[in-house]
Amino acid sequence: MIILAGLGNPGPRYAGNRHNIGFMAIDEIARRWRFGAERAKFQSVIAEGEVEGTKVLLMKPQTFMNESGRAVGEAARFYKVGPERVIVFHDEIDLAPGRFRMKTGGGAAGQNGVRSLISQLGPDFRRARMGVGHPGRPELVHSHVLSDFHKADRPWLDALLTACADALPFLIAGQDDRYQGEVLRLAPASKFSPRQAAQGDS
């Protein structure tokens, strides 16, 4: 069993937010790989399926972002899944829009959902970091991640979500570097960082 968890906030109010890109990735994976019907379990919306012979549990915690670890931790304990078999898709402000990086271990870097997961699982779960860009100033971060993607974001966003789903067998096989490379190949995106631009202006 491998757990793929997307981070986000529940309810229609937040559905289009940058903070909910993790939920969007899980939805695209479910569609692409024809997972079963969604249902409620582990304080989450879950779906079960297989990817090339490996059982996979998809999770969208309904605890709100800051308590995501409670939901994912509950599922991991139930299935006796170690952190190396938990993969979390989440927004990353320190990556330019559309950029993608895999990472195992480390700190939360200000991402409260990741911080909650660390408190429940320890740091050694795998993170699929999906770039949403930085607004340039720290005081703008909260409103940035809790605002909706713009229409102009749709081309790179749709490409990234599709790539994350299409390349999934590499991730399931534990080939995180190859998965990252394939996602970036399928959905190339500029490395331009609004934060770097802001620092350059100061």
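Structure: above.
Here goes a summary of the coordinates provided. (Residues numbered from 1 in each chain as written. Predicted model: local features only at pLDDT ≥ 70, side-chain atom pairs only at ≥ 80, totals over all residues. Heavy atoms only, no water.)

### Here we look at the overall build of the protein chain
The secondary structure content of the protein chain amounts to 8 helices and 7 strands. In terms of overall size, the protein chain behaves like a compact globule, its C-alpha atoms giving a radius of gyration of 16 Å where 202 residues would be expected to give roughly 17 Å. Expressed along its principal axes, the backbone C-alpha trace of the protein chain runs to roughly 50 × 30 × 30 Å. In the protein chain, which comprises 202 residues, the proportion classed as buried is 52%. In the protein chain, 68% of the contacts between residues at least 6 apart in sequence involve partners at least 24 apart. Split by element, the accessible area of the protein chain, about 9,400 Å² in all, is 50% carbon and sulfur. (Helix = DSSP H or I, 4+ residues; strand = E, 2+ residues; numbered from the N terminus. Rg over C-alpha atoms; globule rule 2.2 N^0.38 Å. Buried < 20%, exposed > 50% of the residue type's maximum accessible area, 1.4 Å probe, protein only. Contact = heavy atoms within 4.5 Å. Areas by Shrake-Rupley, 256 points an atom, 1.4 Å probe, with all protein chains shown as cover.)

### Things to note about the pattern of salt bridges
Applying the stated rule across the entire model yields 12 salt bridges. Measuring nitrogen to oxygen at the nearest pair gives 2.7 Å for the salt bridge that ties Asp 27 to Lys 60. Taken together, the positions of Asp 27 in helix 1 (residues 21-32) and Lys 60 in strand 4 (residues 54-61) put the pair 33 residues apart, joining distant regions of the chain. Look at Asp 27 and you get partly exposed, because its relative accessible area is 36%. Since its relative accessible area comes to 10%, Lys 60 is described here as buried. Of the charged contacts in the structure, one is a salt bridge between Glu 139 and Arg 137, with a shortest N-O distance of 2.7 Å. The exposure class of Glu 139 is exposed, given its relative accessible area of 55%. (Salt bridge = Lys/Arg side-chain N within 4 Å of Asp/Glu carboxyl O.)

### Some details on the pairing of strand 4
Most of strand 4 sits inside the fold, with 6 of its 8 residues counted as buried. In this sheet, strand 4 lies alongside strand 3 (residues 44-51) in antiparallel orientation, the contact comprising 8 bridges. If you follow Ile 46 over to strand 4, its bridge partner there is Met 59. In this structure, the hairpin formed by strand 3 and strand 4 is closed by a connection of 2 residues, where Glu 52 is found at a positive phi of approximately 50 degrees. (Pairing = 2+ DSSP bridges.)

### Examining the sheet that holds strand 4
With respect to topology, 7 strands assemble into an open sheet ordered 2-3-4-1-5-7-6, the strand pairing being mixed. Strands with a single pairing partner mark the edges of an open sheet, and in this sheet they are strand 2 (39-41) and strand 6 (100-104). For this sheet, the mean inter-axis angle between neighbouring strands, taken without regard to orientation, is 30 degrees. Both strand 5 (residues 86-92) and strand 7 (residues 126-131) contribute to a ladder of 6 bridges, which runs parallel. (Axes fitted to C-alpha atoms, helices over the stretch in contact; angles between N-to-C directions.)

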